[in-house]
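# Summary of the model geometry
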Number of protein chains: 2
Amino acid sequence: MSARAGIVVTGTEVLTGRVRDRNGPWLADRLLELGIELAHITICADRPEDMEAQLRFMADQGMDLVITSGGLGPTADDLTGEVVAAFQGRPLALDEEMEEKIWQILKPLMKRWSHLSEESIRASNRKQAMVPEGALAIDPAGTAPGLVVPPAEGRSGPTVVVLPGPPRELHAMWPAAVASEEFAGASAGRSEYEQDMLRLFGIPESEIAETLRVAEEQIAGFEDLEITTCLRRGEVEVVVRHGAASDSWPALHALIRERHGNTLFSEDGSTVDRQVFDLLGGRPIAVAESCSGGLLSARLTELPGSSGHVAGGVVSYSNTAKAELLGVDPALIEAEGAVSPEVAEAMADGALARFGADFAAAITGVAGPDGGTEAKPVGYVCWCVKDASGTVLARDIRMPGDRTEIRDRSTTVAMHMLRRLLRGEDLPV
Amino acid sequence: MSARAGIVVTGTEVLTGRVRDRNGPWLADRLLELGIELAHITICADRPEDMEAQLRFMADQGMDLVITSGGLGPTADDLTGEVVAAFQGRPLALDEEMEEKIWQILKPLMKRWSHLSEESIRASNRKQAMVPEGALAIDPAGTAPGLVVPPAEGRSGPTVVVLPGPPRELHAMWPAAVASEEFAGASAGRSEYEQDMLRLFGIPESEIAETLRVAEEQIAGFEDLEITTCLRRGEVEVVVRHGAASDSWPALHALIRERHGNTLFSEDGSTVDRQVFDLLGGRPIAVAESCSGGLLSARLTELPGSSGHVAGGVVSYSNTAKAELLGVDPALIEAEGAVSPEVAEAMADGALARFGADFAAAITGVAGPDGGTEAKPVGYVCWCVKDASGTVLARDIRMPGDRTEIRDRSTTVAMHMLRRLLRGEDLPV
């Protein structure tokens, strides 16, 4: 049986949604890699009694490991160390060596903020250097040390790994936590799982559901597969967790390939972004976008190394910008409208020419909530992807969703059109 | 005492971080508006026993209301209705009227996906029309009905509101849930709270911590304030929850204003994005960006109505693009480097001229992970904001963080510089 883990995310700002939790997803991936099963994530405010209740829940549910994030800062509402120490029955004590380490980190920062009082810094310093007796302290990546806290001698329950909230610090400190004896002890019995992911674009989730019903009838051992499907940014993801020697996974994989070959675009976990990156192979690409307002450029430049092929982009929000920066004929805009297949292609032509690019992608549409007409309602979007030799793929559809969704998903459609163009394929009907 | 609520988010794709939960934050805001205290959010996979454990936890913690999101879809892993029905002791029964309603929604969709089998659609239809006896069914916004399920007669515990995962559907169905008698009964005793938010930019969180320590000594009734501070996209947010007639909140507000007047930029909850939008008052703005890759344009066009002032932007990722599209002198790039205060200003000049804008913002920097040098390491970013009359504000600093953080936060700095420029203020020292 594999070890089970839970994650407790603390922070009123996370509970109330003002800050998005980025640690849960990251820790989920790390646990999976280790063969540890993640069962529960809980989020609470900076209230000791709620945090204690969540730790108790994790223990009651038989978690072997609990990882907390957040609540290690200098302010009075940062209480995780205290709560975990009490929960595990290990009183806090000042770790003077750690106090000195933190002070060495804080000293240079004081120069930058010349108006800070040394007294208040010293007080925070001491608070952050309190370590539960018998626990392992992990050196800070920022200013807060982490902790690995097993239950006190003679008690049972999960080992609690206490990490700071800022993702960069949590990432940097995680390897030390995993390398500890305390962590190894708690996660013994982890088992070997593998996870595979298929990604499809251009079919509804219910079609996959139907295929899974067929698979259930046809494939022996289907019940040993843990399958989840979800819609994400307009794509359908199918994630399958299975034992390393499973025969049912290859059978399911083949069935999906057979039934959905034309929409199945990723069988190795790769994203369409990564595929487009690789397919470009350093050849320059340019973007012309209107309703997506820069999101396609931002998406193309998200991966490190994208400067090797992204020449740049124009956000031509106004008609003047379409004419001046992309050379779109104002008469064409007048005749067809700024949101039209014709203007989309003219924008792509402009991007190819102005940036001297080999490939271009153009988007123009009505993101709303205003600006829709009967002929071109909110959600109506036109795309054109084109290469310097004149090969072109174009599409125009009405997308569902609100302004944010329309803007975001219009970039997904563009990425898939680019992928088809780069592979020399037509668009599916 | 105010009513307390918990949120149970279901879905393996959310637990494992492949899909970000957007319902928790949205529901948190709605609960706050209703004067209902949110105490816990929990996330679980599509496993009935884990979901049941989380519902039990919410009941044990004395929640009056539990809201679930997700797990109402057509696939076999969508089990929320079943689990909640069992938990509340109310057996499921087919609601034929609801079955017919759903079928009327599905019928037109079948035309779009001509290859779907009617049988599989009908099966999903029936599954989604199962309603716990005595529960209220809420008409679907997509294809899945929602539920408001009180505990069975003679049992105690929270009323459970069951809503679908897609945010648009959940938003559309929420008002019907709140309007129900069952909801009102469970949330009786809600009390009147107010929440205020202050936003500061350009100071470390520890400075606010120090001010709160001073406040604790000076302000009577300070202990009745529920204060959380957090760092978000480079800004410090201070959120204070207090009774409507509190005297201590105005006293704290005055103290923060007195100590941090120069960095306190929002006292009414407004974001810097909204402030810049309003300060522009329809005057055209253009963007020239390099390392942020389109994110500043995307941010400026995020708010509805931004087409009233955003002329457009150039993402000049390559040096050629800087020269061709923004008219930056290649000799200047050669002499100073593409990442330099001089090139940032030339980019702003180019944006002003090419778009005929009244205001321009330019960003150029090293987002990493590669491309850093000793003089210009990863994280070194130059900004310039300028108006058509020649007033200019410029800054260059080395930012901490990874590629994603550097790209994102560089847009925050630009927004604050724009705000200063538009208010006729200098940058703080």
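Residues numbered from 1 in each chain as written. Chains lettered and ligands numbered in written order. Predicted model: local features only at pLDDT ≥ 70, side-chain atom pairs only at ≥ 80, totals over all residues. Heavy atoms only, no water.

## Describing the overall build of chain A
What counts is decided by this rule: Under the DSSP-based scheme used, a helix requires at least four consecutive residues in state H or I and a strand at least two consecutive residues in state E, with every element numbered from the N terminus. Think of it in three bands: residues with accessible area under 20% of the maximum for their type are buried, residues over 50% are exposed, and the middle band is partly exposed, with areas taken using a 1.4 Å probe on protein chains only. Residue contacts are defined here by distance: any two heavy atoms, one from each residue, within 4.5 Å place the two residues in contact. Calculation of accessible area relied on Shrake-Rupley with a 1.4 Å probe; when residues are assessed, cover is drawn exclusively from the protein chains displayed. Positive: Lys, Arg. Negative: Asp, Glu. His and the chain ends are not part of the count. Charge coordinates come from a single atom per side chain, which is NZ of Lys, CZ of Arg, CG of Asp or CD of Glu.
Each helix and strand counted, chain A has 16 helices and 17 strands in total. The principal-axis extents of the C-alpha atoms in chain A amount to approximately 80 × 65 × 40 Å. The buried share of chain A, taken over its 429 residues, is 56%. Looking at chain A alone, contacts between residues at least 24 apart form 69% of all its contacts between residues at least 6 apart. Total accessible area on chain A stands at roughly 17000 Å², and carbon and sulfur atoms take up 49% of it. Of note, chain A has its 40 positive side-chain charges centred 4 Å away from the centre of its 65 negative side-chain charges.

## A short note on the domain arrangement of chain A
Convention followed: In this entry, domain limits derive from an automatic or database-based domain assignment.
The domain boundaries assigned to chain A delineate domain 1 (4-186), domain 2 (193-269) and domain 3 (273-422). Domain 1 of chain A and domain 2 of chain A are separated by 37 Å when their C-alpha centres are compared.

## Points about the side chain of arginine 299 of chain A
Residue and element names in this part refer to chain A. Looking at where arginine 299 falls in the secondary structure, it is placed in helix H12 (residues 295-300). According to the relative accessible area criterion, arginine 299 is buried, its value standing at 6%. Sequence-distant contacts of arginine 299, defined by excluding residues within four places in its chain, comprise Arg233, Val272, Asp273, Asp408, Thr411, Thr412 and Met415.

## Some details on unusual backbone geometry
Cis geometry marks the peptide bond from glycine 368 of chain A to proline 369 of chain A; its omega dihedral reads 0 degrees. Along the chain, the position of proline 369 of chain A falls in the loop between strand E15 (359-365) and strand E16 (380-387).

## Describing the pairing of strand E8 (residues 159-163) of chain A
All names here are of chain A. Rules: Here, strands pair whenever DSSP counts at least two bridges between them.
Counting buried residues along E8, five of its five residues qualify, which places the element largely inside the surrounding structure. Burial along E8 is two-sided: the residues Thr159, Val161 and Leu163 and Val160 and Val162 are all buried. Inspection of the sheet shows strand E3 (residues 65-69) paired to E8 by five bridges, in the parallel sense. When the sheet's bridge partners are listed, serine 69 is paired in E8 with leucine 163. Pairing of strand E7 (residues 146-149) with E8, which is carried by three bridges, proceeds in the antiparallel orientation. Within the sheet, the bridge partner assigned to valine 148 lies in E8 and is valine 161.

## Observations regarding the relation of the copies chain A and chain B
Mapping one chain copy onto the other needs a rotation about an axis and a shift along that axis. We apply this condition: Our superposition of the copies is a least-squares fit, built on the C-alpha atoms of residues whose pLDDT is at least 70 in both.
Each copy of the sequence occupies a distinct position, and chain A is placed on chain B by a rotation of 180 degrees and an axial shift of 0.1 Å, giving an RMSD of 0.1 Å. On this basis, the relationship between the two copies can be described by a two-fold rotation axis. Most of the interface of chain A is mirrored in chain B, where 100% of its interface residues again form contacts.

## Side note on helix H16 (residues 403-422) of chain B
Note the cut-off: Expected span, for any helix, means 1.5 Å times one less than how many residues it has.
With 20 residues, H16 of chain B should cover 28 Å at 1.5 Å per step; its first-to-last C-alpha distance of 29 Å lies within 8% of that length. Of the residues flanking the end of H16 of chain B, it is glycine 424 of chain B, one or two places downstream, whose phi is positive at about 70 degrees.

## Concerning the packing of aromatic side chains
Keep this limit in mind: Put simply, two rings from Phe, Tyr or Trp (the six-membered ring, in Trp's case) pair if the centres are within 6.5 Å, and we call them stacked under 30 degrees between planes, edge-to-face over 60, tilted for the rest. Should the NZ of a Lys or the CZ of an Arg lie within 6 Å of a ring centre and within 35 degrees of the ring normal, that charge is described as sitting over the ring.
One pass over the full model with this rule turns up five aromatic pairs over all chains. Centroid distance tryptophan 174 of chain A to phenylalanine 183 of chain A: 5.7 Å. Interplanar angle 90 degrees. Geometry classified as edge-to-face. Of the residues examined, tryptophan 174 of chain A reaches a relative accessible area of 5% and is grouped as buried. The exposure class of phenylalanine 183 of chain A is buried, given its relative accessible area of 0%. By way of ring pairs, the aromatic residues Trp26, Trp174 and Phe183 of chain A are connected into one cluster. The ring centre of phenylalanine 277 of chain A lies 4.6 Å from the NZ or CZ of arginine 274 of chain A, which sits over that ring. The aromatic ring of tryptophan 26 of chain B is capped on one face by arginine 30 of chain B, whose charged end is 4.7 Å from the ring centroid.

## Details of the side chain of serine 248 of chain B
Residue and element names in this part refer to chain B. To keep things clear, this is the line we draw: Throughout this description, a polar contact denotes any pair of N or O atoms lying within 3.5 Å of each other; where both atoms belong to protein, one of them has to be capable of donating a hydrogen while the other can accept it, and for residues adjacent in sequence the pair is counted only when both atoms sit in side chains.
Looking at the secondary structure, you find serine 248 in helix H10 (residues 248-260). Overall, the relative accessible area of 6% leaves serine 248 in the buried class. At 3.1 Å, the side chain of serine 248 and the side chain of serine 246 are in polar contact. With near-sequence residues (within four places) excluded, serine 248 lies in contact with Ile219, Ala220, Gly221, Phe222 and Leu225.

## Some words on the sheet that holds strand E13 (residues 285-289) of chain B
So the rule is basically this: Here, axes are lines fitted to C-alpha atoms. For helices the fit covers the stretch in contact, and angles between N-to-C directions go from 0 to 180 degrees.
Judged by pairing direction, the sheet is mixed, and its ten strands sit side by side in the order E17(A)-E16(A)-E15(A)-E13(A)-E14(A)-E14(B)-E13(B)-E15(B)-E16(B)-E17(B) without closing on themselves. Both outer strands of the open sheet, strand E17 (392-398) of chain A together with strand E17 (392-398) of chain B, are each paired with one neighbouring strand and no more. Sheet twist, expressed as the average angle between the axes of neighbouring strands with direction ignored, equals 10 degrees. Note that strand E13 (residues 285-289) of chain A and E15 of chain A share five bridges and pair parallel. Counterpart to glutamate 289 of chain A in the pairing with E15 of chain A is isoleucine 363 of chain A. Against the sheet, helix H13 (residues 319-326) of chain A touches E13, strand E14 (310-316) and E15 of chain A together with strand E14 (310-316) of chain B, its axis set at about 145 degrees to E14 of chain A. Across the sheet, helix H15 (residues 341-355) of chain B touches E14 of chain A together with E13, E14, strand E15 (359-365), strand E16 (380-387) and E17 of chain B, and the angle it forms with E16 of chain B is around 40 degrees.

## Here's the deal with the packing of helix H9 (residues 205-218) of chain B against H10 of chain B
Residue and element names in this part refer to chain B. What counts, and what does not: Angle categories are assigned with fixed cut-offs, so that under 35 degrees is roughly parallel, over 145 is roughly antiparallel, 65 to 115 is roughly perpendicular, and the rest are oblique. Take the far helix as your reference; a near helix turned counterclockwise from it by less than a right angle gives a left-handed crossing, and one turned clockwise gives a right-handed crossing. Under the convention adopted here, Pro, Cys and the residues Ala, Val, Leu, Ile, Met, Phe, Trp and Tyr are nonpolar, Asp, Glu, Lys and Arg are charged, and Gly plus all remaining residues are polar.
It is at 10 Å that the axes of H9 and H10 come closest, and there the two elements cross at 135 degrees. Between H9 and H10, the interaxial angle falls into the category oblique. As H9 runs across H10, the sense of the crossing is right-handed. Only Leu252, Leu255, Ile256, Arg259 and His260 of H10 make contact with H9, whose side of the interface consists of Glu207, Ile208, Glu210, Thr211, Leu212, Val214, Ala215 and Gln218. Looking at the contact of H9 with H10 residue by residue, the classes come out as seven nonpolar, three polar and three charged.

## Focus on the interface of chain A and chain B
This is how it is decided: Two parts lose some accessible area (1.4 Å probe) when they are put together, and adding that loss for both gives the buried area. Think of a salt bridge as a Lys or Arg side-chain nitrogen and an Asp or Glu carboxyl oxygen that are within 4 Å of each other.
The interface of chain A with chain B comprises 90 residues on the first partner and 90 residues on the second. The contact between chain A and chain B buries some 7000 Å² in all, and 55% of this surface belongs to carbon and sulfur atoms. Across the contact surface, chain A and chain B share ten salt bridges. Ionic pairing is found between arginine 168 of chain A and glutamate 405 of chain B, a salt bridge with its closest N-O pair at 3.6 Å. Our enumeration of links across chain A and chain B arrives at 31 residue pairs in polar contact (both at pLDDT 80 or more). Residue classes in the side of chain A that touches chain B are distributed as 37 nonpolar, 27 polar and 26 charged. As paired strands, E14 of chain A and E14 of chain B are joined by five bridges and run antiparallel to one another.

## Notes on the confidence of the model for chain A
Filter applied, for reference: Along the chain, pLDDT gives the predictor's confidence residue by residue, from 0 to 100.
Per-residue pLDDT for chain A has a mean of 91; in total, 97% of the residues score no lower than 70. In the predicted complex, the global pTM is 0.76; the interface-specific ipTM is 0.75.

## Points about helix H6 (residues 118-128) of chain A
Stated formally: Arc, as used here, means the arc of the directions from the helix axis to the C-beta atoms.
All of the buried residues in H6 of chain A are Ser120, Ile121, Ser124, Asn125 and Gln128 of chain A. Burial along H6 of chain A is one-sided: seen end-on, the buried residues are contained in an arc of 140 degrees.

## Looking at the sheet that holds strand E1 (residues 4-10) of chain A
Read across the sheet, twelve strands follow the order E6(A)-E7(A)-E8(A)-E3(A)-E1(A)-E2(A)-E2(B)-E1(B)-E3(B)-E8(B)-E7(B)-E6(B) without closing on themselves; strand pairing throughout is mixed. Among the strands making up the open sheet, the edge pair consists of strand E6 (136-138) of chain A together with strand E6 (136-138) of chain B. On average, each strand axis in the sheet is inclined to that of its neighbour by 15 degrees, with strand direction left out of account. Lying over the sheet, helix H2 (residues 23-33) of chain A contacts E1, strand E2 (37-44) and E3 of chain A, oriented at roughly 165 degrees with respect to E1 of chain A. Helix-sheet contacts for helix H2 (residues 23-33) of chain B involve strand E1 (4-10), strand E2 (37-44) and strand E3 (65-69) of chain B, and the interaxial angle to E1 of chain B is about 165 degrees.

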